[in-house]
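# Descriptive analysis of the structure
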Amino acid sequence: MSQPPCPDAEIYLAALSHLPDAVVIVDAAGELLFANAAAEVLLPGGLAGLGGKGAPSGYQLLDSYQCPLAKTELPLSRVLGNQCLQNEELFLTATAPPSTRWVAVTGKPLTGPGTAAALLTLRDISAAKQQEVSLIQQAFHDTLTELPNRDLFMDRLSHALARTHDQPELLMALLYIDLDRFKVINDNLGHQVGDQLLVEIAARLRSQLRPDATIARLGGDEFAVLLEDIATSSTAIDLAEQIQSAIAQPLLLQQQEVYVDASIGIALGPATYKNAGDWLRDADAAMYQIKDNPSQNWHIFDSSLQVQQDLRLRTEIDLRQALMGNELRLHYQPIVTLNTEEICGFEALVRWQHPTRGLLMPGEFIHVAEATGLIIPLGWWVLAEACRQMQAWTREFPAMANFTVSVNMSSKQFSQQNLVARIQQILAETGFAANRLKIEITEGVLIDHSDSIIATLEQIKALGIKLLVDDFGTGYSSLSYLHRFPFDCLKIDRSFIENADQDFEKLEILQSVVRLAWNLGLDVVAEGVETPRHHAQLKALRCELGQGYLFSRPLAPAAIEAMMAEKIAQIPEPAPITPAP
Ligand code: C2E
Ligand code: MG
Ligand code: MG
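Residues numbered from 1 in each chain as written. Chains lettered and ligands numbered in written order. Predicted model: local features only at pLDDT ≥ 70, side-chain atom pairs only at ≥ 80, totals over all residues. Heavy atoms only, no water.

A count of helices and strands for the protein gives 20 helices and 22 strands. In terms of overall dimensions, the protein is more spread out than a globule: its C-alpha atoms have a radius of gyration of 38 Å, far above the 25 Å expected for 581 residues. Taking the principal axes of its C-alpha atoms as reference, the protein extends roughly 155 × 50 × 45 Å. Intrachain contacts of the protein at a sequence separation of at least 6 include 62% that bridge at least 24 residues. Looking at charge distribution, the protein has the averaged site of its 43 positive side-chain charges lying 4 Å from that of its 70 negative ones. (Helix = DSSP H or I, 4+ residues; strand = E, 2+ residues; numbered from the N terminus. Rg over C-alpha atoms; globule rule 2.2 N^0.38 Å. Contact = heavy atoms within 4.5 Å. Lys, Arg positive; Asp, Glu negative; His and termini not counted. Charge placed at Lys NZ, Arg CZ, Asp CG, Glu CD.)

Structural data, given as structure tokens:
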């Protein structure tokens, strides 16, 4: 080590020697005048690595992107060239022993008396850098699966879009992956199992992807994949199918086998997109197509989907008008006692008499009503109209005095605070007896409102109304799940009835569903009874009630009235009373 630069050197030297930062002082030729103990540790083998004189040192300084620096860019060269440096972050790699660290370099040219020409300090900022990296990791990654999050994914999409400026012919695919039935598993088996499932799914997704693909968890049970530089759309379709089958493999979580499926929407780009948001929106829309048509588990967005979206928007605007303009109608489908084939009630089914498109079936507008919240006013109209109509018929046709009416209620209606009071009010206003009203809900309602639903259902039941599970068998359908709720009746989905006369397995399922209902003390209605064979089979299974085209399609009120009038006409006139002789 060289001589101290001034007479009080002893004191300065002691102070500098104990500093935790590395301190180096050199003369104008770049020769070392002073280096403290921290500098000797940090900069083994001399000053060449800093840009000073001497043999190659045992370390190298790289820029903040970890790229090598030219000699003129090294800190000492710059300070000797009369530049000041203020906390410049550089990456230092040492060879013996091998180590890396981040340093903040500050440098100052020294002027005035004496030989010292430059002062450099280097502070080890590795810990702070590490913290910064982990903060960035946290801000842009999902903590559960450690996958990039939505923000980072959107950023990657924007970068991918930017690449098209130079290469407009690039083909890329964005896959939007949504897990089916995740909420059911989460609600039934607990959030811890739900979390484990997401981690496992993330691992399966990763295992299916090539290294340059970007995968992210967008939130909840939604994931996305970006494939850059693909040759044709079949690469994306092949991947979607691979992902689908990887996800469909059973998972063993807490000793239980759990099954999930995925719906995958694909949007090809990037040339057609101006921004990342539109691209993701279209992949999401393609995914929703599958939810509407579950026969396929992937779907590619095409411009006809845009047309469908426009139709959806048009339907939404028109539906608002329909609610105010008296365009909704109710049709009534008879429900019969299977043994006698006598009608015992109806299911009220909504239709829309559209001013230009004609009579629309629920499949054409209920999903729009659900998505926009219009299902709430629609649902109240249906309930009030069904009760009003039934009460009017009861007065007109005494034979209908005991007929029940089933009304479908959507999950959205169950979010309403005043649901029970409103039902009560409708019954009071129409005078319809509560014990002749049945409310049909699907298993989805139970899932969407798992916390509050039991209390609400109990209150509805306390009014005397019957509760019915609709489309039974298409949802989660677990026995343990059902017995917690106060149902009176199960309506078996028509998919179970459909092939039960040809498919033995279907028949077995049907049989066990009927048995399950019996065990739970529930009545059973079979939906979609289309053939005499269905009818006979259901009777043999001791299923009590049925509904289907075999008996009648849903009918407009006028047709119901004509049917009832005909029934009255068929009752033989009482024989004239002949006076006793
Ligand atoms: P859902 O409640 O399961 O109603 C039964 C559907 O099956 C009706 O279709 C009915 O016409 C049809 N169906 C009855 N028997 C047969 C048969 O033998 N074969 C076949 N292939 N189909 C049969 P629709 O009227 O098109 O209603 C479809 C769905 O729309 C309903 O299914 C229900 O989920 C919903 N929906 C209808 N009206 C309302 C309503 O007022 N409110 C709510 N929230 N949803 C409604
Ligand atoms: Mg129904
Ligand atoms: Mg149904």
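Having seen the structure, we can now continue with the description.
With that out of the way, let us pick up the coordination of the magnesium ion (ligand 3). For the magnesium ion (ligand 3), every protein donor is listed as Asp470 (OD), Asp471 (OD), Glu527 (OE) and Glu527 (OE), and the spread of their distances is 1.9 to 2.8 Å. One chain supplies every donor to the magnesium ion (ligand 3), and in sequence these donors are spaced D-D-x55-E. The metal-metal distance between the magnesium ion (ligand 3) and the magnesium ion (ligand 2) comes to 4.0 Å, with Asp470 coordinating both. Placement of the pair is Asp471 in strand E19 (residues 466-472) and Glu527 in strand E21 (residues 523-527), with a sequence separation of 56 residues. Overall, the relative accessible area of 24% leaves Asp471 in the partly exposed class. A relative accessible area of 9% places Glu527 in the buried class. (Donors = N, O, S within 2.8 Å, 3.2 Å for Na, K, Ca; no water. Buried < 20%, exposed > 50% of the residue type's maximum accessible area, 1.4 Å probe, protein only.)

What follows deals with helix H15 (residues 453-462). When we look at burial in H15, the residues that qualify are Ile453, Thr456, Leu457 and Ile460. Down the axis of H15, the buried side of the element spans an arc of 95°, and every buried residue falls inside it. Where H15 terminates, the next one or two residues include Gly464, which has phi positive at roughly 105°. (Arc of directions from axis to C-beta.)

Looking now at the sheet that holds strand E12 (residues 261-269). Taking strand neighbours across the sheet as the criterion, the 5 strands line up as E8-E9-E7-E12-E13 in an open arrangement whose pairing is mixed. Of all strands in the sheet, those bounded by a partner on one side alone are strand E8 (214-219) and strand E13 (298-300). Averaged over all adjacent pairs, the angle separating strand axes in this sheet is 20°, with direction ignored. In this structure, strand E7 (residues 172-180) lies alongside strand E9 (residues 222-227), joined through 6 bridges in antiparallel fashion. Pairing of Ala173 across the sheet is with Leu227, part of E9. This element, helix H5 (residues 150-163), spans E7, E8 and E9 of the sheet and lies at about 25° to E9. (Pairing = 2+ DSSP bridges. Axes fitted to C-alpha atoms, helices over the stretch in contact; angles between N-to-C directions.)

As a further point, take the site of ligand 1. Of all residues adjacent to ligand 1, which total 22 residues, the nearest are Arg351, Asp470, Arg494, Glu530 and Tyr549. Within the side chain of Glu347, a nitrogen or oxygen atom sits 2.9 Å from an oxygen atom of ligand 1. Here an oxygen atom of ligand 1 and a side-chain polar atom of Asp471 are 3.0 Å apart. Burial of ligand 1 by the protein chains amounts to 84% of its free accessible area of 800 Å². Only strand E15 (343-354), helix H12 (375-396) and E19 provide two or more residues apiece to the shell around ligand 1. The biggest single contributor to the shell around ligand 1 is E15, with 4 residues. (Near = heavy atom within 4 Å. Polar contact = N/O pair within 3.5 Å; in protein donor to acceptor, adjacent residues only side chain to side chain. Areas by Shrake-Rupley, 256 points an atom, 1.4 Å probe, with all protein chains shown as cover.)

Domain boundaries in the protein define domain 1 (7-127), domain 2 (139-301) and domain 3 (319-569). For domain 1 versus domain 3, the distance between C-alpha centres works out to 82 Å. (Domains from an automatic or database assignment.)

Looking at the magnesium ion (ligand 2), one finds its protein donor set to be Glu347 (OE), Asn408 (OD1), Glu440 (OE) and Asp470 (OD), positioned 2.0 to 2.2 Å from the metal centre. Donor residues for the magnesium ion (ligand 2) sit on one chain with the sequence pattern E-x60-N-x31-E-x29-D. You can call Asn408 partly exposed: its relative accessible area is 29%. Glu440 sits in the buried class, given a relative accessible area of 1%.

A word on the packing of aromatic side chains. The final tally for this structure, using the stated rule, is 8 aromatic pairs. With a centroid separation of 5.5 Å and an interplanar angle of 85°, the aromatic rings of Trp352 and Phe365 are classed as edge-to-face. Taken together, the positions of Trp352 in strand E15 and Phe365 in the loop between strand E16 (358-360) and helix H11 (366-372) put the pair 13 residues apart, joining distant regions of the chain. The exposure class of Phe365 is buried, given its relative accessible area of 0%. Feature note: the residues Tyr332, Phe346, Trp393 and Phe403 constitute an aromatic cluster, connected by ring pairs. Just above the ring of Trp102 sits the side chain of Lys129; from NZ or CZ to the centre is 4.6 Å. The ring of Tyr549 has Arg553 sitting right over it, with the charged end atom 3.8 Å from the ring centre. (Phe/Tyr/Trp six-rings, centres within 6.5 Å; stacked < 30°, edge-to-face > 60°. Lys NZ or Arg CZ within 6 Å of the ring centre and 35° of its normal.)

A pair of packed helices can be characterised by two numbers: the angle between their axes and the separation between those axes. The contact between helix H6 (residues 182-189) and helix H7 (residues 191-208) brings their axes to 6 Å, and the two run at 140°. Here H6 is positioned oblique relative to H7, judged by the angle of their axes. Residues Phe182, Ile185, Asn186 and Leu189 of H6 form the contact with H7, whose own contacting residues are His191, Val193, Gly194, Leu197 and Leu198. In terms of residue class, the contact of H6 with H7 is made up of 6 nonpolar, 3 polar and no charged. (Parallel < 35°, antiparallel > 145°, perpendicular 65-115°, else oblique. Nonpolar A, V, L, I, M, F, W, Y, C, P; charged D, E, K, R; others polar.)

Most of E19 sits inside the fold, with 5 of its 7 residues counted as buried. Of the pairings in the sheet, the one linking strand E18 (residues 437-442) to E19 comprises 5 bridges and is parallel in character. When the sheet's bridge partners are listed, Glu440 is paired in E19 with Leu468. Here 3 bridges tie E19 to strand E20 (residues 489-492), and the two strands are oriented parallel to one another. Along E20, the bridge assignment pairs Val469 with Leu490.

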